[in-house]
Every structure is written in C-alpha cells, then in structure tokens.
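Here is how the chains run, residue by residue.
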Amino acid sequence: IACVVRDVDAALHFFTQLIDGELLSDEQISTPQPARRALVRIGGTDVAIIAPADPDTGPLGAFLSRPTGGVYALVWAVEDEDQAKKFFEQKGLNTTVGDCVGGSFAIAPADFQGARHEFRRHSGHAMQD
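Residues numbered from 1 in each chain as written. Predicted model: local features only at pLDDT ≥ 70, side-chain atom pairs only at ≥ 80, totals over all residues. Heavy atoms only, no water.

Asker: Can you explain the sheet that holds strand S6 (residues 95–96)? Please cite residues and give values.
Answerer: Spatially, S2-S3-S4-S1-S5-S8-S7-S6 is the arrangement adopted by the eight strands of the open sheet, whose pairing is mixed. If you trace the sheet from one side to the other, it starts and ends with strand S2 (22–29) and S6, each paired once. Its contacts with the sheet put helix H1 (residues 8–18) on S2, strand S3 (35–42) and strand S4 (45–52), and the angle it makes with S3 is roughly 5°. Together, strand S5 (71–78), S6, strand S7 (105–107) and strand S8 (117–121) form the strand contacts of helix H3 (residues 81–90), whose direction differs from that of S7 by roughly 20°. (Pairing = 2+ DSSP bridges. Helix = DSSP H or I, 4+ residues; strand = E, 2+ residues; numbered from the N terminus. Contact = heavy atoms within 4.5 Å. Axes fitted to C-alpha atoms, helices over the stretch in contact; angles between N-to-C directions.)

Here you go:
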C-alpha cells in the first residue's frame, strides 16, 4: 500500500508508536518525483508512507491537492512483470509507467475507475529493490 502524506514524521509516529508498526526503511526516492519514503510493516503488510519534497508540484502534489484518505496506490508483487503486463493488455486494459511509486507499471487509472494499481517484480518487500 502506498500512502501519500504531507508529514512523514507524524505518520511514522502513528504507525510505529501508537499501533506497533515496524520501520523497515526511511529513504529519499526520485520516482515519480523527489520524495521521502518510509516503509513500515503493519500486521504483515508493508505500507509505504511518501511525502513529496515539493507538495505543490508533480503527481504526488496533485494527489495531495484534492480531498483524499492518503492511499495513492496498491502495489502488487508479481513474479514476472512482462507476463503480468501482457495479461492485462490481453484483457483490454491499458497500462502506464507514468507516476508509478513502485517503479514498474500500473493499470491506467482511467481503465480502473480512477483507482491506481501498480505491479512490480517480487523482491521480498513490494516497495524495495
């Protein structure tokens, strides 16, 4: 699960101090725009908490500019990205690499009622290389 927030520290306090999440990493990313990303394991699920460096620009800033519950994307781990992409395209779904936080591809949100589902190669943690 990829969540976009304005304040990573506040989210980390909530997830690690109040509900016993485990901080797995805290780093800077560049895709889809410069941001801080903290990966937290909560109840067996990895949650990426992402705050854009400039919340007034880019796809993450655009996401923050409208009312939101914070969930930007569900990021699914797959064994073979090319095979997964081909499967969706055979079903008539468009795919895109634009604005992906997971580093791979997504079903075009317009083809999924605005929802963002991204897919990347399984590597132990869905949001880490």
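Asker: Residue-level account of unusual backbone geometry, with values.
Answerer: The amide bond that connects Thr31 to the next residue, Pro32, takes the cis arrangement and shows omega of 5°. Here Pro32 is to be found in the loop between S2 and S3. Positive phi outside glycine occurs at Asp20, with the angle close to 60°. Looking at the secondary structure, you find Asp20 in the loop between H1 and S2. Positive phi, normally seen in glycine, also occurs at Asp99, with a value near 65°.

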